[in-house]
Amino acid sequence: MSTSAWMMWSDDINFMLLSRVKWQTMTTRPIPPSTSSEVMLALSLDSRDAVDAMAAAAAANGGTADINPVEDHGFMYTRDLADPDGHAVGSMWMDVSAIPAGDKAG
C-alpha cells in the first residue's frame, strides 16, 4: 500500500500527498480531527469546468466537495473541498477582464 503520492500542479507548484499513517511519522504534533479547520489553500484553475472536475475528483477519491457554499459571481467561480483528513482546498476560476469596476484593486 502506498503511503504517499507526488502531484505536480505546474512547473512551480508541487504537492506531496500523505496517508495519515505516513504523516504521523513526520511530526510529533497532534494531527487534528477531520472536523477541524486549519489552513485553506486556493488554487486558480483555467476554467469553470476545471473547478467542477476538481470537485468531482475529490468526491470520487474519499474527499468532500463543497464544504462551503459554491460561489458564482459570474466573473469568479469557487468551490471548496476537503481531503479525507479534513484539509481544505479552494478551487477557483476568474475572468479578470470581467471583474466589475468597483471590485478591482487599484
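Here the structure is shown first, and the text comes after it.
All values derive from a computational prediction rather than experimental measurement.

For the rest of this paragraph, the subject is the layout of surface pockets. Taken as a whole, the largest pocket holds about 920 Å³ of empty space. Ranked by residue count, the leading element in the lining of the largest pocket is strand 2 (residues 14–18), at four residues. Taken together, the residues that form the lining of the largest pocket break down as 18 nonpolar, four polar and three charged.

Once that is clear, we can look at the pairing of strand 6 (residues 76–82). Burial analysis of strand 6 places seven of its seven residues in the buried class, which makes it a mostly covered element. Here strand 6 shows no split at all, with Met-76, Thr-78, Asp-80 and Ala-82 on one side and Tyr-77, Arg-79 and Leu-81 on the other all buried. The sheet contact formed by strand 5 (residues 71–72) and strand 6 spans two bridges and is antiparallel. Across the sheet, Glu-71 pairs through a bridge with Thr-78, a residue of strand 6. In this structure, the hairpin formed by strand 5 and strand 6 is closed by a connection of three residues, where Gly-74 is found at a positive phi of approximately 85°. Where strand 6 and strand 7 (residues 88–94) come together, seven bridges link them in antiparallel fashion.

Scanning all chains against the criterion turns up zero aromatic pairs. Across the ring face of Tyr-77, the terminal group of Arg-48 is positioned such that the distance to the ring centre comes to 4.1 Å.

About the criteria used
Counting starts from 1 at the beginning of each chain's written sequence and moves along it residue by residue. It should be noted that, the model being predicted, local features are given only for residues of pLDDT at least 70 and side-chain atom pairs only at 80 or more, the latter also being counted only at that level, while totals for whole chains, interfaces and linings use all residues. Excluding hydrogens and water, the side-chain figures rest on all heavy atoms present in the structure. Put plainly, a pocket is an open set of points on a 1 Å grid over the protein atoms alone with protein on both sides within 12 Å along at least five of seven lines, a cavity is a set where a 1.4 Å probe fits but cannot get out, and a lining residue has an atom within 4 Å of a point. Grid points are joined across faces, edges and corners, and a volume is the space filled by probe spheres set on the points. The way it works is that DSSP assigns letters per residue, a run of H or I at least four long becomes a helix, a run of E at least two long becomes a strand, and they are numbered from the N terminus. Lys, Arg, Asp and Glu make up the charged group, whereas Ala, Val, Leu, Ile, Met, Phe, Trp, Tyr, Cys and Pro make up the nonpolar group; the residues left over, Gly among them, are polar. Each residue's exposure class comes from its accessible area (1.4 Å probe, protein chains only) as a fraction of the maximum for that residue type: buried when under 20%, exposed when over 50%, partly exposed otherwise. Strand pairing follows a simple DSSP-based rule, namely that at least 2 bridges must link the two strands. By convention, a stacked pair of Phe, Tyr or Trp rings (six-membered ring in the case of Trp) has centres within 6.5 Å and planes under 30 degrees apart, an edge-to-face pair has planes over 60 apart, and any other such pair is tilted. In this scheme, Lys NZ or Arg CZ marks a charge over a ring once it lies within 6 Å of the ring centre and within 35 degrees of the ring normal.

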